[in-house]
Amino acid sequence: MVRNTFLRALRRLGKRYVFNPYHRSKLNAAHFPPAVWIENTNMCNARCVMCPRDKHTRPQGIMSMALYEKIVSEIEKNQDAVTRVHLHNYGEPLLDKDLALKIRLAKEAGVRQVYFVTNASLLTEEKVHQYIAVGLDEFKISFYGTSPETYNNTMVGLDFEKTMSNVKTFFRVRKALNAKHPRVLVQYLPQPHNLGLTEEFVSMFDDMIDRTLGDSISIFNLHNFGGGRSYRDTSSPACTICDYPWRTMVILQNGLVVPCCMDYNGEQVLGDVNVDSIAGIWNGTAYRQMRNMFKSLNYARYPVCLKCEHIR
Ligand code: SF4
């Protein structure tokens, strides 16, 4: 106990006085965000127990094609700066009937990596063909159980057998087409609800994925989502510079911009792409102020950050 407390204190001092000064010296904001997350929808067909969507008071919807095209056309003009576009945030991206078209437009705009996270419950064979055809680079499947019972203890409202069948269909079709993309990351989240059956989970997918194409299995940890849940202790003072404002912009389905995916309810708004450009917001006062404050570990103006585990 005493030893753990001592080690934790030592780790915090190391972060504050060794890592942070080095990190701070390396932080330079490019003229455009390297990664842009576009929340195509914040609606979902599941009610996963660890997801704070149940606390959303912000509007629910699917991003309009007009707004999406505005965003992508600016990304196209800055394609050298953009390495990734994520087509998800809070919600199930496959609920968007225009998802394949949105992926195609992002690829045509020169985005190197187009990616989304899905629960795969709506991943029909037709959609698999569409996503391969339009050039999707990668996607992650959240699959949080090893049996109908353990799966539904976490992923409430979905059907284990149906989703597993969709996942198998994806791998079958990609192989039959001899397609090299998209690569897939299958993610597990061990927690008491699903009995934490990590080894069982890995063996379930190990033979299904193709590591030669870059597929992998990820075992993830629970988040607090900036106060949306309380799995982690965030009582200690911040000791880490969060670098999200230097590397990522998250655009919510209604066009408001927030710094990261932890801000589940869109509280820390930094701009609105309906009325401003991505570059204008990225280089604007709100972002510059956030970067300056983060550099000095001052998160006082940011209520979501104050409850975030990433800076402890
Ligand atoms: S401190 Fe946490 S909530 Fe704040 S921007 Fe960073 S990751 Fe997001």
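Summary of the structure given here.

### Looking at the site of the ligand
Surrounding the ligand, one finds 13 residues, the nearest of these being Cys 242, Cys 260, Met 262, Cys 305 and Cys 308. Of the residues assigned to the shell around the ligand, the class counts are 10 nonpolar, two polar and one charged.

### Focus: the sheet that holds strand 4 (residues 138-142)
In a beta sheet, neighbouring strands pair by backbone hydrogen bonds and run either parallel or antiparallel. An order of 6-5-4-3-2-1-7-8-9 is seen for the nine strands of this open sheet, with the pairing classed as mixed. Pairing within the sheet leaves two strands with one partner each, and these edge strands are strand 6 (216-219) and strand 9 (271-272). Sheet analysis places strand 1 (residues 35-38) next to strand 7 (residues 248-251), joined by four bridges and oriented parallel. Residue Ala 35 lies in a different strand from strand 7, and its bridge partner there is Thr 248.

### Considering the nonpolar core
Counting residues in each nonpolar core, the largest one holds 71 residues, and the members touching the most others are Ile 38, Val 85, Ile 251 and Val 257. Other than its neighbours up to four places away in sequence, Val 257 contacts Met 249, Val 250, Ile 251, Val 269, Leu 270, Gly 271, Asp 272, Val 273 and Ile 281.

### Digging into the pairing of strand 7
With two bridges joining them, strand 7 and strand 8 (residues 256-258) adopt antiparallel strand pairing. In the strand pairing of strand 8, Val 250 is matched with Val 258. Joining the antiparallel neighbours strand 7 and strand 8 is a turn of four residues, in which Gly 255 adopts a positive phi near 100°.

### Here we look at helix 6 (residues 160-176)
With 17 residues, helix 6 extends 24 Å from end C-alpha to end C-alpha; this agrees with the ideal 24 Å at 1.5 Å per step. Of the surrounding secondary structure, the elements contacted by the buried residues of helix 6 are helix 4 (125-134) and strand 4. Directly after helix 6, the chain includes Asn 178, whose backbone phi takes a positive value near 55°.

### Considering the packing of helix 4 against helix 6
The geometry of helix 4 relative to helix 6 is characterised by a closest axis approach of 10 Å and an angle of 45° between their N-to-C directions. As summarised for this structure, helix 4 and helix 6 are arranged oblique, according to the angle between their axes. The handedness of the crossing between helix 4 and helix 6 is right-handed. In contact with Glu 125, Val 128, His 129 and Ile 132 of helix 4, helix 6 contributes Thr 169, Phe 170, Val 173 and Arg 174.

Cut-offs applied
- Residues numbered from 1 in each chain as written.
- Predicted model: local features only at pLDDT ≥ 70, side-chain atom pairs only at ≥ 80, totals over all residues.
- Near = placed C-beta within 6 Å.
- Nonpolar A, V, L, I, M, F, W, Y, C, P; charged D, E, K, R; others polar.
- Pairing = 2+ DSSP bridges.
- Helix = DSSP H or I, 4+ residues; strand = E, 2+ residues; numbered from the N terminus.
- Core = buried A, V, L, I, M, F, W, Y, C linked by C-beta atoms within 7 Å.
- Buried ≥ 20, exposed ≤ 12 C-beta atoms within 10 Å, placed from the backbone.
- Contact = placed C-beta atoms within 7 Å.
- Expected span 1.5 Å × (residues − 1).
- Axes fitted to C-alpha atoms, helices over the stretch in contact; angles between N-to-C directions.
- Parallel < 35°, antiparallel > 145°, perpendicular 65-115°, else oblique.
- Left-handed = near helix turned anticlockwise from the far one by under 90°.

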